[in-house]
Amino acid sequence: MKKFILIIAVIGLTFGSFAQIDRSKAPNPQPNPKIEINIPDPMKFENGLEVIMVENHKLPVVSFQLFIDYPNALENDKAGVSSIFGELLGSGTTNTPKDKFDEAIDYMGASFYPNSRGFYASSLKKHTPKLLNLLNEVITQPAFTQEEFDRIIEQNLSNLAALPSDANSMLSNVKDVVSYGESHPYGEIITEATLKNIKLEDVKNYYKKYFTPNKAYLVVVGDVSADDVKNYVEKYFGSWQPGENIEKSDFEVPTTTGKQVYFVDKPGAVQSVISVGHTVDLTPGHEDEIKLKMMNQILGGGSFSARLMSNLREDKAYTYGCYSNLSSDQLVGSFSAGGSFRNEVTDSAIVQILAEIDRMTKEPVSETELDLVKKSMTGAFARSLENPQTIARFALNTIRYNLPKTYYADYLQKLEKITASDILMVADKYISSNNINIIVVGNEEIAENLNVFDNDGNVDFKDYYGNKVDRLKTVPEGITLETIINDYAMKKMMVSTKDELASKIKSIQQIETFSKARIEAAMADIYVYEAEGFPNKTANYTLIKSVQGYSPVGSEWFNGEEGEAVQAGNKTIYEGEELEKKKASKFPIGQLKYLEENSTNAVLQGIKTIDGVDYYKVKVTVENKEDVSFEYYSVEDKVLVRTERIVVDEEGNEQTMQFVFSDYQEIGGLYVPKNMEMNAQGQVFNFVTQSVKTNKKAKAKAFSGNFKVAEKALKAL
Amino acid sequence: MKLKSWLLSGVVLTTASVYAQDRQKIEYEEYDLDNGIHVILHEDHSTPIVAVTMMYKVGSKNEKVGRTGFAHFFEHLMFEGTENIERHEYDKYVERAGGTLNANTSQDRTFYYELLPSNQLELGLWLESERLLHAKVENIGIETQREVVKEEKRQRMDNQPYGSFMYEIFRRAFKEHPYRWVPIGSMEDLDAAQEEDYVNFYRTFYVPHNVTLSIAGDIDIKQAKKWIQAYFGSIPNGDKLDVYRDKEFLSYEKFAKKYEDQVGEQASSSKFAQDFNSEMSTEAFLKKYFPSLSTKPHAIPRPSIKEGLLEKEIRDTIYDNIQLPAVAMAYRTPELNHEDHYAVDMLTMLLSQGNSSRLTKNIVEKQQKALMAISFPFPLEDPGIAINLAIANMGVDPAEVEKAINEEVADIQKNLISDQEMEKLKNMIESDFISSNSTMAGIAETLADYYVYQNDTELINTEIKRYLAVTKEDIQRVARKYFTEENRVVLYYLPKAE
């Protein structure tokens, strides 16, 4: 016997390796393994709670997922209340304050993730009772403290502030707005304003109204028995009292007609994030759903061989990944396709994506593709069963969506029966490359290239909340930065040619402006004196008058050679770049310096429409500084009406200031704004011009730092 | 004092054995094939699937200056096809079999996997053996994947807020070691890669003694071993592998010229040319004309640079397309195999695992200085780093955030953590240890990781003991030793002006 084995071994060694296999062909599979699915029946408890249990003894771990299936509702000007509620649910209970709660979860090495419809919690089996104790407290006695509420609101505000960093979040907002519309729960966007509207009381009301066991599911997965679960539920979920049933509402979604292009500017972007798509009228369990999932898999499912991937990545190398997505939903389903693409190929990528969608709706898929996708979907289904949470999800879907009991057991059979004409039929019925939203978040440089895709030839610009943004239009020929600045100077000096301006400056070399703003909150008035003198002299002086009387706030002067600024008692003498900047200033408007070589750099960017009025937009930067200003000159009236200034301090923090000049009129022989609104980081001051004085010579004492006359004049206002 | 510490370690040991009993031991078999391939097999019949994985010990640290990003780029090319698999067919074999596949590349290794229905194990073995024996890369594939990889870089790094932070940290934390660049590499180097780079890279690193074949799932070990022997045992190594590949990829003219010395007179005979171009198998051809080729594995070059801890703090500011400033602090830490690795890992857990962790509780929740604050180790085969990273809340000066993090670290350096907190860490480790390894793909990769990085596959069952042996004093000690000012890189991320 031993000898015999030895001989076989020797034969194996000699002929073994190469003789046995044929490398040139793929080996044949062994017989198919059996796939068994057993969807557990739910257990219904007295308070309405339905429990789904999936036993799996592989690891000594048990998880609890609570899902409350209340209908969606509009949150209106409090958009975000449900998500704030979800977060606050993790902020401790009346019995176990937040810090102790966190400590208890971590001490068990457990996990707990609350959300607006419940939570997911998991721990080792030996800690299950302790975990359940905490879960019971979460359900029946959440703490909802003002302190935690405030903290969570603040944190969400920070999160919102970071939104414009992330192209995908920006895209998702705009997609929701354009696909679902503002009067649909899915189209509501959380903004600073809606967050600030939410009060702790709203969260408490939310809890009372929605957080009930009436239509709640508890999914238990892991190393447990049915008896364990029954006991657990009675003990830890039994005291949870039902509330009122909530009626389901219907919501309309806008229909997408034609191709609509939406563009969101993301400065500095090196890729465009693209999503094309539309809503789909498809509820879970609909007879077309599996066919549509297969259609989507062929078009842009997760594999390398899906059409979008093989065309846009493997063939054209436009992207790292291009996918499509099709989902059913009780309210409204959705279809979309896209990915991230380098700027240069943004338009080409859209062409290809639309072409692939179009092909899907026009030509039947090949038998090879159909065969591959069936096998791949069958395999994916089988692989998903490795995770016991999959069966739990199937069971939950079965009751939630009222699916036939054998829906998942029959899934593979249904898959097998689908034909190429079925795929064509559902593609044609549900998806379209003609009536579709095309949303792109990217670098504004490429926006122009996208007009061709839009049915009316114009891209709609959106901000990252989905609000319409007015875009810059091209400046007509003949208009330059020089003409705009000169026009403004002439307008101010009330002349109509450059020659007239030159002679006018000979007779008026000094302008003094007196203005005043009321601060109601502080019961005070601010008085401002400003002086400009030929060729580059400037001065200003600010006084505040409150119940305590007058007190100076700050001043600046520059006599053409030297000067200083005083602010809050601190004196800065101009030197270096600051001094150069002062020297470059020009009479009668400082902006004339833009037309000369100096450290200030101004660029005419285009025409911006604000509230139906056109303005020339000029961007102003200063060498070696991160500060940036935008100035808006009225196209019609040729005067400066708005300045936005972003000042970056040494730590890199940005401060924004905005000035709006309005009600231009003749005062003291000059054309100047009667009103000036200043908005500094949200603080608003409305200045009203009281008087304007001109003089033949630039001789005001203020230019050399003597503000006595100015102060007296201000006090006399 | 002595007695007490002895008692304590007794307690620790007892606890450890309790922990170990809680999870079923993961059984596996491992052995080497004659050509040097290391094989690990784990049998589990709970789901009819199998994970076939190959871990090549090559990553970005094996790249040359001027060719950063090459290992990862090369990984992309390894899906192009082989001598027997047409271009764009490799993945289709897997999908038609109902499977899925992918790969990824790190600083230290490149990992390929197929997840298949268990009746398709042989297919997985065929595919992976083809990739090792004679992967084929055509020019069109190179040019396409070059662009795809550049898109990957843009998507993951250039167009992501804070996306460059690993790149910015590593380039400062290492001066000499190739960890100073990240696996995605640079656009310039990706553009520079030439055909000969592919040939050399494949020849040097894609060789049997540089790979671990790890399989987990619904397999019959006896049958699996037979197939492994057939598909992988048949792959030559050393000079023979080089000639084998040349025979398949070079034109007759080039091959004959390259080997004319070795083949001698026959090289110019018409029979040689005829055989070369005939249906004759490569194996038979080699046997006939190169009967005595060596199969001795060639040495694999590895970086030998050893960089010690940093000696002076490195500070810098990065301007990015972001709204909220961030602070990243990276401390140089020892290699994965170093005894301090476990204490460093637990130190980072103490700082940021769970809501009750130091950074989350204090800086995010109490002081509300940061939107998020995390600490994580980045252990590598050679000495690596651990990172503390925080995104400042709106309106908070990043310097404030840095100060707050430093205070937390200083507290750990100054005060021993409580028994309760230490116990919490150990419970977390226990829970992580037991809950991990729940999937076949995960088990196959973890087994390979332990073998490749630590040469001790059994760590899949025993590593927890190393964690549980860490003391409060160890955590304090590593905090004092590694989390120091001199030994770190501090980066501020600030918003770019428009």
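Residues numbered from 1 in each chain as written. Chains lettered and ligands numbered in written order. Predicted model: local features only at pLDDT ≥ 70, side-chain atom pairs only at ≥ 80, totals over all residues. Heavy atoms only, no water.

(A) Focus on the pairing of strand β4 (residues 111–115) of chain A. Residues and elements named next belong to chain A. By the bridge criterion, five bridges tie β4 to strand β5 (residues 118–124) in an arrangement that is antiparallel. Bridging across to β5, N115 finds its partner in G118. Hairpin remark: β4 followed by β5, antiparallel, with two residues in the connecting loop. (Pairing = 2+ DSSP bridges. Helix = DSSP H or I, 4+ residues; strand = E, 2+ residues; numbered from the N terminus.)

(B) Region of interest: unusual backbone geometry. Residues and elements named next belong to chain A. With omega at -5°, the peptide bond leading from F534 into P535 counts as cis. The topology assignment puts P535 in the loop between β16 (524–533) and β17 (537–546). In the segment running from F587 into P588, the intervening peptide bond is cis, with an omega of 5°. Relative to the helices and strands, P588 resides in the loop between α19 (576–584) and β21 (600–610). Even without being a glycine, A317 presents a positive backbone phi close to 55°.

(C) Up close: the domain arrangement of chain A. Residue and element names in this part refer to chain A. By the assigned domains, chain A splits into domain 1 (43–237), domain 2 (259–469) and domain 3 (481–715). On a C-alpha basis, the centres of domain 1 and domain 2 stand 29 Å from each other. Opposite the 35 residues of domain 1 that make contact, domain 2 presents 29 residues. Summed over both sides, the interface of domain 1 with domain 2 buries roughly 2800 Å², with 70% coming from carbon and sulfur. Ionic pairing is found between D69 and R400, a salt bridge with its closest N-O pair at 3.2 Å. At the junction of domain 1 and domain 2, the tally comes to eight residue pairs in polar contact (both at pLDDT 80 or more). In terms of residue count, the dominant contributor to the side of domain 1 that touches domain 2 is helix α6 (residues 167–180) (11 residues). Partitioning the side of domain 1 that touches domain 2 into residue classes produces 21 nonpolar, nine polar and five charged. (Domains from an automatic or database assignment. Contact = heavy atoms within 4.5 Å. Buried area = accessible area lost by both parts, 1.4 Å probe. Salt bridge = Lys/Arg side-chain N within 4 Å of Asp/Glu carboxyl O. Polar contact = N/O pair within 3.5 Å; in protein donor to acceptor, adjacent residues only side chain to side chain. Nonpolar A, V, L, I, M, F, W, Y, C, P; charged D, E, K, R; others polar.)

(D) Spatial organisation of the domain arrangement of chain B. All names here are of chain B. On domain assignment, one finds that chain B holds domain 1 (29–237), domain 2 (246–289) and domain 3 (314–495). Taken together, the contact between domain 1 and domain 3 spans 38 residues of the former and 36 residues of the latter. Buried area between domain 1 and domain 3, both sides added, is near 3200 Å², and the carbon and sulfur share of it is 70%. Broken down residue by residue, the surface that domain 1 buries against domain 3 is led by Y162, I169 and R172, which jointly contribute 22%.

(E) Representation of the pairing of strand β11 (residues 436–442) of chain A in the model. All names here are of chain A. Burial within β11 is extensive, with seven of its seven residues counted as buried. Neither face of β11 is exposed, since I436, I438, V440 and G442 on one face and N437, I439 and V441 on the opposite face are all buried. Across seven bridges, the pairing between strand β7 (residues 259–265) and β11 is parallel. Directly across from V264, in β11, lies its bridge partner V441. Of the pairings in the sheet, the one linking strand β8 (residues 271–280) to β11 comprises five bridges and is antiparallel in character. (Buried < 20%, exposed > 50% of the residue type's maximum accessible area, 1.4 Å probe, protein only.)

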